[in-house]
Amino acid sequence: MANSSEEIIEKRASSPVATSALVISALALVGAIVLQVMEIGELRAVGDGVRDSDRNTDSVAATVYRRDSAALETRARAILDANKAAFGEGGAGAGDAGDDAGN
């Protein structure tokens, strides 16, 4: 047998769990980015209920906020009116700090 002075280099075995965790985390990151881009696209979509004239004069987010807050206020007033009808003008918690008597 011939003597060889070369070192034998062995490849270290890579952990399949670490590799699969890396791949899963990379896919999750890409998925999160895609979802964020889709959400931004929904705000800028033409069919979001914002007129083109509003688009040019105001930001889309402000217009959507005004529209949603008006809908919320309408629903809240309907609940308050139903509460007044059911419990009388004073409501169930007459005298509470949260009533609307001061406005």
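Everything numeric here is computed off the predicted structure, so don't read it as measured data. (Residues numbered from 1 in each chain as written. Predicted model: local features only at pLDDT ≥ 70, side-chain atom pairs only at ≥ 80, totals over all residues. Heavy atoms only, no water.)

Re a nonpolar patch on the surface
- Taken together, the side chains of Val-30, Val-34, Leu-35 and Met-38 present a nonpolar region at the surface, about 370 Å² in accessible area.
- Relative to the assigned elements, Val-30 resides in helix α1 (residues 16–44). (Patch = residues over 30% accessible without salt bridge, like charges linked within 9 Å, V, L, I, M, F, W, Y side chains within 5 Å. Areas by Shrake-Rupley, 256 points an atom, 1.4 Å probe, with all protein chains shown as cover. Salt bridge = Lys/Arg side-chain N within 4 Å of Asp/Glu carboxyl O. Helix = DSSP H or I, 4+ residues; strand = E, 2+ residues; numbered from the N terminus.)

Comments concerning the pattern of salt bridges
- Applying the stated rule across the entire model yields two salt bridges.
- With a shortest N-O distance of 3.6 Å, Asp-68 and Arg-67 are connected by a salt bridge.
- A residue is classified by how much of its surface remains accessible, and Asp-68, at 42% relative accessible area, is partly exposed.
- The class of Arg-67 is partly exposed, set by a relative accessible area of 37%.
- When the shortest N-O distance is used, the salt bridge between Arg-77 and Glu-73 registers 3.4 Å. Of the two residues, Arg-77 and Glu-73 are both situated in helix α3 (residues 60–87); the distance of four residues between them amounts to about one turn of the helix.
- Among the residues examined, Glu-73 registers a relative accessible area of 44% and is labelled partly exposed. (Buried < 20%, exposed > 50% of the residue type's maximum accessible area, 1.4 Å probe, protein only.)

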